[in-house]
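So you can see what is in the structure, the chains are spelled out below.
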Amino acid sequence: MLRRVLVRSAAVPVVARLAGRRLAHTASSGSAAPKPKTSRLRMAARLAYGAACVSLGFTGMMIYQEQHPGVQPPPDPKKKTLVILGTGWGATSLLKGLKTENFNVVVVSPKNYFLFTPLLPSCTVGTVDHRSVMQPIRYVTRHKKTAVQVLEGECTNIDPKTRTIVVEDNSDIRGSTSSTTLPYDYLVVAVGAENQTFGIPGVREYACFLKEIWDAKKIRTRLMDCIETAAFAGQSEEEIQRLLHMVVVGGGPTGVEYAAELHDFIVEDLSVWYPDIAGKVKITLIEALPNVLPAFSKQLIDYTESTFKENQIDVLTKTKVKTVKEREITVEEPNGASRDIPYGLLVWATGNTSRQVVRNLIATAPEKQKQRRGLEVDEHLRALGMDSVFALGDATATKYAPTAQVASQQGAYLAAVFNKLGAMEKDDAISPDLDTRLEAVKPFKYSHYASLAYIGSDKAIADVSFLNGNVSAGGVATYLFWRSVYLSNLFSTRNRCLVASDWIKRTLFGRDIGRD
């Protein structure tokens, strides 16, 4: 036994020497030993670190460039004047693509900023701060090659015969001049539309709209008023139920997204800070059509309605609002019966109608302009019966839906049109007739990319155009896609950083429940 142990012990050094010779032979033959996993992890970490540095550097460069515009030469009075009415999706898209060195460009709008309207419902409950979705229009015009004049005022009259417009100063503080008349060679009407009330009594007096930034502020204030009043001592149960009943009229994307944001606010924030009354808050969505989101596929409509049912959001379809009072609305149900619905907050998110300045302009060419909802335009977006007037977005009456996507593409198209017209101005051989020049320009063609909507509980839906068909999707992954699309479509690095930080703050600290 002892002999076997000694033999085995003596064999160990021999085996070790043989193994060492075999490893040495393998190394000398050129075969590399497998690399440890730690080296791969180290390489991945270095790549991630490098990518983060490049990303931060690029973002820093973009921020610096946006905050430090270059020197702009003044407009040349010898060139033609292009007046743009509005600072919405169409007008801002036009400004971004326009070569301002070809014209004297004047922007006229009652607000001096661009508003990213798709995130407006998020502002009503504090998911996103309202300043994060506002881009001062001078952040755009100051980066153009030639200076652009910006006038904060409201266009009250357009005279296509004399080619002049009247602009009124609409600010609270006015100087010695509160009105001015501007001449133009080309005019672009991009004033958008106003809320349609369908002539229903009480809507303008008692409902909250959701189209402008001040609408979102008003909704937020009234929402917190209802909550704090319901929490006030001595309220009857009936009054508490009325105050905590939030009614949304309109089953389009705006109404659906507001109802979804309101649900998240109740579940994620009110339940923590107002545990006694959060469970009593009720949301009702009213739509006159047979279903919500009529522009989406049937599959996504069903998914949205089932999600709302899970979230205890009542959806009343085929229901028409007849009258609006201070504390209740009267609706006509599908069976024709009338019912009174008490409410604390009423949000009106349905319908558009033309603004007064557009209606006045339509009246100047009654033989060509037959639509009341907006200006009729030709294939180059020129207003019918008006030689040098172009129009886009919600100010027009076209076959396209009144969406930001349509207005943005129309603005980009008109930028290309005016860039081409500006180049033609330098060529004396080309006829100065506008009709002749527009013959060399391709007509506008709309390309639909996607329809998106947030439906609450970190879920979204999307109808995306792909090849020759549509791809429909819904759920949490679509919500991440929804966020990435909106983030990438914000007009500046500043807005992207602000919105991203708002989303992070909401995740970490919740929404602010303080009342302004």
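Residues numbered from 1 in each chain as written. Predicted model: local features only at pLDDT ≥ 70, side-chain atom pairs only at ≥ 80, totals over all residues. Heavy atoms only, no water.

### Describing the layout of surface pockets
Logical step 1: Here the second largest pocket is characterised by a volume of approximately 320 Å³.
Logical step 2: In terms of lining, the second largest pocket is formed by 16 residues, of which the most central are Gly126, Val128, Asp129, Arg220 and Asp512.
Logical step 3: Contributions of two or more residues to the lining of the second largest pocket are made by helix 7 (213-230) and helix 15 (493-509).
Logical step 4: A class-by-class count of the residues in the lining of the second largest pocket yields 3 nonpolar, 4 polar and 9 charged. (1 Å grid on protein atoms, 1.4 Å probe; cavity = no way out; pocket = protein on both sides within 12 Å on 5 of 7 lines; lining within 4 Å. Points joined across faces, edges and corners; volume = space filled by probe spheres on them. Helix = DSSP H or I, 4+ residues; strand = E, 2+ residues; numbered from the N terminus. Nonpolar A, V, L, I, M, F, W, Y, C, P; charged D, E, K, R; others polar.)

### Some thoughts on the sheet that holds strand 7 (residues 164-168)
Logical step 1: Taken together, 3 strands build an open sheet; the order of strands is 6-7-8 and the sheet is antiparallel. The open sheet is flanked by strand 6 (154-159) and strand 8 (179-183), the only strands paired with a single partner. Averaged over neighbouring strand pairs, the angle between their axes works out to 25° when direction is ignored.
Logical step 2: In this structure, strand 6 lies alongside strand 7, joined through 5 bridges in antiparallel fashion. Opposite cysteine 155, over in strand 7, you have valine 167 as the bridge partner. (Pairing = 2+ DSSP bridges. Axes fitted to C-alpha atoms, helices over the stretch in contact; angles between N-to-C directions.)

### Concerning the UniProt feature "domain: FAD/NAD(P)-binding" (unreviewed entry) in the protein
Logical step 1: Feature annotation in UniProt assigns "domain: FAD/NAD(P)-binding" (unreviewed entry) to the following positions: residues 81-411.
Logical step 2: End-to-end, the C-alpha atoms of residues 81-411 are 18 Å apart, and along that stretch the chain is 29% helix and 25% strand. (UniProt positions renumbered as here; feature names shortened; annotations may be inferred.)

### Quick notes on the packing of helix 3 (residues 89-97) against helix 12 (residues 404-425)
Logical step 1: Between helix 3 and helix 12, whose axes approach to 7 Å, the crossing angle comes to 35°. Helix 3 and helix 12 meet at a crossing whose hand is right-handed. For the pair formed by helix 3 and helix 12, the contact residues are Trp89, Gly90, Ser93, Leu94 and Gly97 on the first element and Ala404, Ala407, Ser408, Gly411, Ala412, Leu414, Ala415, Phe418 and Asn419 on the second.
Logical step 2: Considering only residue class, the contact of helix 3 with helix 12 consists of 8 nonpolar, 6 polar and no charged. (Left-handed = near helix turned anticlockwise from the far one by under 90°. Contact = heavy atoms within 4.5 Å.)

### Thoughts on the packing of helix 7 against helix 9 (residues 253-273)
Logical step 1: Interaxial distance between helix 7 and helix 9 falls to 14 Å at its minimum, and their mutual angle equals 45°. Accordingly, the angle class assigned to the pair helix 7 and helix 9 is oblique. Helix 7 and helix 9 meet at a crossing whose hand is right-handed. From helix 7, Ile219, Leu223, Met224 and Ile227 reach across to helix 9, where they touch Tyr258, Leu262, Phe265 and Leu270.
Logical step 2: Here the residues of the contact of helix 7 with helix 9 are counted per class, giving 8 nonpolar, no polar and no charged. (Parallel < 35°, antiparallel > 145°, perpendicular 65-115°, else oblique.)

### Overview of the confidence of the model for the protein
Logical step 1: Summary statistics for the protein give a mean pLDDT of 89 and a share of 91% for residues scoring 70 or more.
Logical step 2: Every residue in residues 1-31 is under pLDDT 50, and counting partners more than four places away or in other chains gives 1 contact. (pLDDT = per-residue confidence, 0-100.)

### Regarding the sheet that holds strand 18 (residues 345-348)
Logical step 1: Read from one edge of the open sheet, 5 strands run 11-18-12-13-14, paired in parallel fashion. Taken across any chain shown, the strands that pair with only one partner, and hence form the sheet edges, are strand 11 (208-209) and strand 14 (313-316).
Logical step 2: Bridge count for strand 12 (residues 245-249) against strand 13 (residues 282-286) is 5 bridges, and the pairing is parallel. Pairing of valine 247 across the sheet is with threonine 284, part of strand 13.
Logical step 3: Where helix 9 meets the sheet, its contacts fall on strand 12, strand 13, strand 14 and strand 18, and the angle it forms with strand 13 comes to roughly 175°.

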